[in-house]
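# Structure assessment
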Amino acid sequence: MYTKVFLATAFTSKSRKEIDVLKDCLFCIDEDGMIERIVRPEHSDYEKVLHQYLHTDVFQKIDGGSYLLPGFVDLHVHASQWTQAGTALDIPLHDWLSTYTFPSEAKFADLDYAKPVYEDVVSTLLANGTTTALYFATVHKEASVLLADICAKQGQRGLVGKVVMDLVQECPDYYRDADTQSALQDTEEFILQVKEIAKTTKQGVYPVVTPRFIPTCTDEVLTGLGALAAKYDTHIQSHCSESDWAHQHVQERFEKNDAQALNDFGLLQDKSVMAHCNFLSDEDAKLFAETGSAIAHCPVSNAYFANSVIPISRFADIGVDIGLGSDLSGGFSPSLYDNSRQAVMSSRMLEDGVDPRVPADERGVKDSRITIAEAFHLVTAGGGASLSLPIGRLEEGYAWDVQRVDTTIPTAKLPIFDPDEPLLDILQKIMYLARPENIRDVWVQGELVHSRK
């Protein structure tokens, strides 16, 4: 017996560039919240399964005008920066960190301050269709554990990292780890506490080893964090080659690129996700592919702070796993719909070039553009592959992480007037036009975690 059966039309990524339309399918969910079976109308026992469950409490029909999409996977969120989202995006990255971000993050030493912020950012992401999020917290162990606990209680699949910053020259006195040893000890204790929370969490919460980035970390702490990740088999996250400043810092310090330095510290592996990566060389990208490390592409944030457009199409061709990140608050929007749209627009700008004084045939980087179908892949299946988790696809053996998008909401109605409009065209309209009010229900691991009445 299945615990839930949905009759719906849905979309899932078939490959990097192809969409599978699942029209009027039966999605059969087991007690663990996994998709046990998908029964298509052409299957011989479709009518049998339909009538077996049709008049039971476990059956739910998704009405016409509503469609199911996989829950989105956000590969890069600074949960603590939700308080400053939409502000100070007009100054350089180094100044932004020291003037706004570090003072804001320092406040999370106070758990009474941290709790409502973290509760709100988790619920906001769920309302935007994000079912899995890879979070940076702050340097504070207790507040970082609190964020993992909030993810567990609200039903979001959260991968949470206690941020590590111990390089005195680059970190303010009021906001850093006290020293290298305490940074490593706090990280280990954080890992163990989150693993305890995970034991009773259906959708999973995960501790993540999180050096902020090389410019704020000593060699000793980077080495120690690589060892901790190996000891506990955790995910790893950091920033990599985000901007001219960050990229040049690592080159001057190590006489090598960020990717190579991270690998030397044991921080590139199959569960590693590195944000931005705008300045990777092709050799760096091959290193990512060889180690199984993934890129969190943050197109909205990159428009403000990265000083370039990342050639994700080229890196994907090299074999790198890539997903999308909102990068709150370097990215102002909690919506991965916004980031999917910007990913397409940025890729077009990279291919076409942006300086009209340069001849058209010399202006851009050819073969850089991606389609909205490719962006859909990045935000769903690409994110799941980047985290090495069975999420991001509507396929048997994957978690029932799903968002119901209603295209008929009066205040956010999508322009669908032809009853025979091709379903792939409808998906394009959803990806380009959907707003939070269109996202009516969200399930994670088979459990309803958000509903907008």
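Data block above holds the structure.
Figured I'd write up the structure that's included with this text. Computed from a predicted model, the values in this text were never measured in an experiment.

### Remarks on helix α5 (residues 180-198)
- Across its 19 residues, α5 extends 27 Å between first and last C-alpha, which sits within 8% of the 27 Å expected from 1.5 Å per residue.
- Where α5 is concerned, the buried positions are Ser182, Ala183, Leu184, Thr187, Phe190, Ile191, Val194 and Ile197.
- The inward-facing, buried residues of α5 contact α4 (141-154), β8 (157-164), β9 (205-211) and α6 (219-232).
- Looking at where α5 begins, the residue whose side-chain oxygen comes 3.2 Å from the main-chain nitrogen of Gln181 is Asp179.

### Here we look at the packing of helix α12 (residues 336-352) against helix α15 (residues 423-433)
- Between α12 and α15, whose axes approach to 7 Å, the crossing angle comes to 105°. Judged on the interaxial angle alone, α15 and α12 are roughly perpendicular. Along the contact surface, α12 presents Tyr337, Ser340, Arg341 and Val344, while α15 presents Ile430, Met431, Tyr432 and Leu433.
- Split by residue class, the contact of α12 with α15 holds six nonpolar, one polar and one charged.

### Thoughts on the pairing of strand β3 (residues 35-39)
- Of the strand pairs in this sheet, strand β2 (residues 19-29) and β3 are connected by four bridges, and their pairing is antiparallel. For Cys28, the partnering residue across the bridge sits in β3 and is Arg37.
- With antiparallel pairing between neighbouring strands as the criterion, β2 and β3 make up a hairpin whose turn holds five residues, including Gly33 at a positive phi of roughly 80°.

### Points about empty space enclosed by the protein
- Counted according to the given criterion, the structure contains two cavities of 30 Å³ or more.
- Roughly 120 Å³ of internal volume is contained in the largest cavity.
- Together, 14 residues line the largest cavity, and His78, Trp96, Leu97, His239 and Glu242 are the ones closest to its centre.
- Only α2 (93-106) and α10 (299-305) provide two or more residues apiece to the lining of the largest cavity.
- Broken down by element, the residue count for the lining of the largest cavity peaks at three residues, all from α2.
- For the lining of the largest cavity, the residue count by class is five nonpolar, six polar and three charged.
- As for the second largest cavity, its lining consists of His297, Val309, Ile310, Pro311, Ile312, Ala343, Ser346, Ser347, Leu350 and Ser368.

### Comments concerning the side chain of Thr216
- By the secondary structure assignment, Thr216 is in the loop between β9 and α6.
- What makes Thr216 buried here is its relative accessible area of 2%.
- If sequence neighbours within four positions are ignored, Thr216 has contacts with Val164, Met165, Asp166, Leu167, Glu170 and Cys171.

### Focus: the layout of surface pockets
- When its volume is computed, the largest pocket comes out at roughly 350 Å³.
- For the largest pocket, the lining is made up of 22 residues, of which Thr9, Gly64, Gly65, Tyr67 and Leu423 are closest to its centre.
- The greatest single-element share of the lining of the largest pocket, amounting to three residues, is contributed by strand β1 (residues 4-13).
- Classifying every residue of the lining of the largest pocket gives nine nonpolar, six polar and seven charged.
- Its volume calculated, the second largest pocket comes out at about 210 Å³.
- Among the elements that make up the lining of the second largest pocket, the one with the highest residue count is helix α14 (residues 372-387) (six residues).

### Some details on unusual backbone geometry
- Residue Ser329 is reached from Leu328 by a cis peptide bond, and omega for that bond is 0°.
- On the secondary structure map, Ser329 appears in the loop between β13 (321-324) and α12.
- Its identity as a non-glycine residue notwithstanding, Asp327 has a phi of 50°, on the positive side.
- With relative accessibility at 5%, the residue Asp327 sits in the buried group.
- Here Ser388, not a glycine, exhibits a phi torsion of approximately 55°, which is positive.
- The topology assignment puts Ser388 in the loop between α14 and β14 (402-406).

Definitions and cut-offs
Residues numbered from 1 in each chain as written. Predicted model: local features only at pLDDT ≥ 70, side-chain atom pairs only at ≥ 80, totals over all residues. Heavy atoms only, no water. Helix = DSSP H or I, 4+ residues; strand = E, 2+ residues; numbered from the N terminus. Expected span 1.5 Å × (residues − 1). Buried < 20%, exposed > 50% of the residue type's maximum accessible area, 1.4 Å probe, protein only. Contact = heavy atoms within 4.5 Å. Polar contact = N/O pair within 3.5 Å; in protein donor to acceptor, adjacent residues only side chain to side chain. Axes fitted to C-alpha atoms, helices over the stretch in contact; angles between N-to-C directions. Parallel < 35°, antiparallel > 145°, perpendicular 65-115°, else oblique. Nonpolar A, V, L, I, M, F, W, Y, C, P; charged D, E, K, R; others polar. Pairing = 2+ DSSP bridges. 1 Å grid on protein atoms, 1.4 Å probe; cavity = no way out; pocket = protein on both sides within 12 Å on 5 of 7 lines; lining within 4 Å. Points joined across faces, edges and corners; volume = space filled by probe spheres on them.

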